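Listed below are the residues making up each chain.
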Number of protein chains: 4
Amino acid sequence: MLDAAVTAFARHGYQAASMDDIAEAAGVSKPLVYLYLKSKEELFTACVRREVAALVAAVREGTRQRGLSADQQLWNGLTAFFAHTAARPDGVAVLYRARTRGEPFSREVDTMRIEVVVIVTALLGQAARDAGCAGKLAEREVSGLAHALVGAAESLAEWADSRSRTGLSGAEPSPDAPSANETAATLMNFCWAGLENLMKGARWVPGVGSGSAVARGPHGP
Amino acid sequence: MLDAAVTAFARHGYQAASMDDIAEAAGVSKPLVYLYLKSKEELFTACVRREVAALVAAVREGTRQRGLSADQQLWNGLTAFFAHTAARPDGVAVLYRARTRGEPFSREVDTMRIEVVVIVTALLGQAARDAGCAGKLAEREVSGLAHALVGAAESLAEWADSRSRTGLSGAEPSPDAPSANETAATLMNFCWAGLENLMKGARWVPGVGSGSAVARGPHGP
Amino acid sequence: MLDAAVTAFARHGYQAASMDDIAEAAGVSKPLVYLYLKSKEELFTACVRREVAALVAAVREGTRQRGLSADQQLWNGLTAFFAHTAARPDGVAVLYRARTRGEPFSREVDTMRIEVVVIVTALLGQAARDAGCAGKLAEREVSGLAHALVGAAESLAEWADSRSRTGLSGAEPSPDAPSANETAATLMNFCWAGLENLMKGARWVPGVGSGSAVARGPHGP
Amino acid sequence: MLDAAVTAFARHGYQAASMDDIAEAAGVSKPLVYLYLKSKEELFTACVRREVAALVAAVREGTRQRGLSADQQLWNGLTAFFAHTAARPDGVAVLYRARTRGEPFSREVDTMRIEVVVIVTALLGQAARDAGCAGKLAEREVSGLAHALVGAAESLAEWADSRSRTGLSGAEPSPDAPSANETAATLMNFCWAGLENLMKGARWVPGVGSGSAVARGPHGP
DNA sequence: TATGAATGAGAATTCATTCAT
DNA sequence: GATGAATGAATTCTCATTCAT
């Protein structure tokens, strides 16, 4: 039953998805929906929670393997993420929509983001240790980086999804659809060098010539 | 009048914002709103279009200066972007919300994304030329990178905005709020090294040890 | 099971009392209720009938004693009535509510009123005989007097009940609550002299000076 | 528009009267009803208030004439009351129903009852003065008497109304219907002698033989 | 031109009532 | 015999949208 709700919410948004439609799509009657979940809000909350849990679980599962280098772990997490978003586009869309519905819902999703931030922060910390000399990054900068990473990932996931839909309603995946691996690789290429540099204490600063536009931080050689 | 609509849509979302409220906030009567714009959808579209135009113009303005290195130009574009999002949070929120509404609206926003993709693509092309030997990037990869960049930027903008709101309703900016420059710097640090590498034909590949985890592409030394 | 229904109907009224609540309060399942009584209406009817019967029985019991003067018999009936309404406020409330529901229910209550009218009529007849020379009262006037009596009694019963509730939820009776005897005495004081006059053929007529504002009827001295 | 609501509420009660029906009966659309009165409760409240005001005004008007004896004033009030209830049976029915709907409404009606109590109390006071030697009645007894009077009046009004309806749907009044004057006379006959006695300090006490079953109070001769 | 007044269509939610077990 | 699970039908209320002026 939640499946039908997730699909409806994903396609039409919270307000536009009517309980009639959801019930019909679920193949049950409206009162039954109300029997299980007291209100539309609760139904939405339930959907959000389920999708948050599924997504977090997927990423967690991807990053479970210990003893890998930081980039490998990030890579694993990203592949898991993109695999999940490709497999459950509606679920992800619900999360996306939840962020635009006031406090109680966005809080739920933010909690998830925070979990990701924690994972990423841990990774960066490990990367820093791996890199020998840790340039201590301000907590705020780490938070900003994590948000950048999550935003980039979300955006890429949506892009990949939209690509996979271009092939009309055909069931087989469009050849335009990038695989989870490809998408993850794009993102790794996009960000890993920068993250690694930061770990080493090297950062980009404005006004220095391109090419080698990095300044060694205080801990640089 | 659009201002009132933008504010309302930003605060309550498309569905929850009622035409009554919008008309009242605009200080005109409802029929007048309908006289100028045929329907709620068109009103929303008009808002979206205006905000898209404003945002694109801001970014264009930022990247107008010719003769700069690619990273400087990107930097300029990003600072312009973050300055704009900080200055017009409601407008940006409307765009954000537009993406979660079906076809007609998201198309509008996608158009914007495409404009940005074009800009970024041009930048990357220039960067590649600057770097001497251009590793031809597949059109698809460029598109993906641009989406990653836009997503990261949007996410950071929202993050910066939420930080600036933590200081209650007080008028003065919260000390937690990162400046546009700081935010842009975070994003440059996040992505420039990777983009530059790609321009040189160097890319991250999975399974190679961390630290120097880049493989020179075919055009590498 | 009827007890639960009576309580529920008394507290929330016919419409607001839900079958769920009644079934739960009765400690049985809803289908069982439907097994015994075909519908909510029938359930309500059953409640009304039971309460009517109980009330009439109480009054009958009070007036059973023969050989008393008419006023003593009325007095006995009234004390019985007020004792009953004080003892079963919920039952009385159901009757009260039944009168505000359309035909099928009010008819039931009217039946009760008619029974009371019969009793009162008999009393008045006896009183007339006792008074020696009976002024034949029109059937309609008797009916009107009986309704007045019943209405006054109901109103006083409710008033007494509301007084007894002022003492909060405390179990002990509020000191404000008049006893059944007091209430009955009030009513006797209110109406007996008038009834007695009528039996004697004396009646109040408008336009005669107060104080002795009674005109002897045709059978008067 | 209130007229339609009053009719509907009178006929079906608060819950059973649907806003659809009310709107249709009023010849307007439902949203218009909501435009004028924010909710069903407010609509009901408005009806109740209007009917209370009308009824109180009618009675007030009836008792306006000063300088009359107490019984004449009561008589005038009662005639006005019964004329009003005969003229606006639906309005009265609404008041009747309002008493069974929890606090906010019953309070409204009780307020009216209190106004009547005040009037009656004043009358009784005057009667006592007229009678020369005032037997001070306890405040509680006066309240009880007033409730008895109001209850009797209501009951008679309803009875008169039901009589007037027996003639089917025919437009002309049923010959069974007692006139306001007749009904008022019945009530005066029912209660005035008793009230007058009380004013003189004479009261009925149980256990004394019928006929002259009044004991002179302390102020009696 | 600008609007006060009005509405059609549809939303969430509840409840008396019934099967299948 | 008793019930958990399920629903058809209504109810209150809202809102985008339009005339008549």
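Relevant structure appears above.
The rules we used
Residues numbered from 1 in each chain as written. Chains lettered and ligands numbered in written order. Predicted model: local features only at pLDDT ≥ 70, side-chain atom pairs only at ≥ 80, totals over all residues. Heavy atoms only, no water. Near = heavy atom within 4 Å. Polar contact = N/O pair within 3.5 Å; in protein donor to acceptor, adjacent residues only side chain to side chain. Helix = DSSP H or I, 4+ residues; strand = E, 2+ residues; numbered from the N terminus. Least-squares fit on C-alpha atoms with pLDDT ≥ 70 in both. Contact = heavy atoms within 4.5 Å. Buried area = accessible area lost by both parts, 1.4 Å probe. Salt bridge = Lys/Arg side-chain N within 4 Å of Asp/Glu carboxyl O. Nonpolar A, V, L, I, M, F, W, Y, C, P; charged D, E, K, R; others polar.

Once that is clear, we can look at the protein's contact with DNA strand F. Close to DNA strand F lie 26 residues, the nearest being Ser 29 and Pro 31 of chain A, Lys 30 of chain B together with Lys 30 and Lys 40 of chain D. The contact atoms of DNA strand F, taken as those within 4 Å of the protein, divide so that sugar and phosphate hold 53%. Between DNA strand F and Lys 40 of chain D, the relevant distance is 2.6 Å, taken from a phosphate oxygen to a side-chain nitrogen or oxygen of the residue. For the surface near DNA strand F, the element with the most residues is helix 3 (residues 30-36) of chain A, which contributes four residues.

A few words on the relation of the copies chain C and chain D. Once turned by 178° and shifted 0.0 Å along the axis, chain C lies on chain D with an RMSD of 0.5 Å. Here the transformation between the copies is reduced to the relation of a two-fold axis. Interface overlap between copies is the fraction of interface residues in one copy that are interface residues in the other; for chain C against chain D it reaches 98%, indicating a shared surface.

Moving on to the interface of chain C and chain D. Listed by partner, the interface residues are 57 residues for chain C and 56 residues for chain D. Between chain C and chain D, a total of about 4,700 Å² is buried, with carbon and sulfur atoms accounting for 54% of that surface. Three residues, Arg 140, Phe 190 and Trp 204 of chain C, lead the burial of chain C against chain D; their summed loss comes to 19% of the area buried on that side. At the junction of chain C with chain D, the criterion picks out four salt bridges. A salt bridge links Glu 158 of chain C to Arg 99 of chain D; the shortest N-O distance between them is 2.6 Å. Linking chain C with chain D are 14 residue pairs in polar contact (both at pLDDT 80 or more). Of all the elements in the fold, those that place two or more residues in the side of chain C that touches chain D are helix 1 (2-16), helix 5 (70-87), helix 6 (89-98), helix 8 (139-165), helix 9 (180-199) and strand 1 (202-204) of chain C. Broken down by element, the side of chain C that touches chain D gets its largest block of residues, 16 residues, from helix 8 of chain C. Grouping the constituent residues of the side of chain C that touches chain D by class yields 23 nonpolar, 19 polar and 15 charged.

Surveying the vicinity of DNA strand E reveals 25 residues, the closest of which are Lys 30 of chain A, Lys 30 and Tyr 34 of chain C together with Ser 29 and Pro 31 of chain D. Tyr 34 of chain C is positioned with one of its side-chain polar atoms (N or O) 2.9 Å from a phosphate oxygen of DNA strand E. Here Lys 40 of chain C contributes a side-chain N or O atom positioned 2.8 Å from a phosphate oxygen of DNA strand E. Contributions of two or more residues to the surface near DNA strand E are made by helix 3 of chain A, helix 3 (30-36) of chain B, helix 3 (30-36) of chain C together with helix 3 (30-36) of chain D. Of the residues in the surface near DNA strand E, the class split is 13 nonpolar, six polar and six charged.

All we've got here are geometric facts, nothing functional implied.
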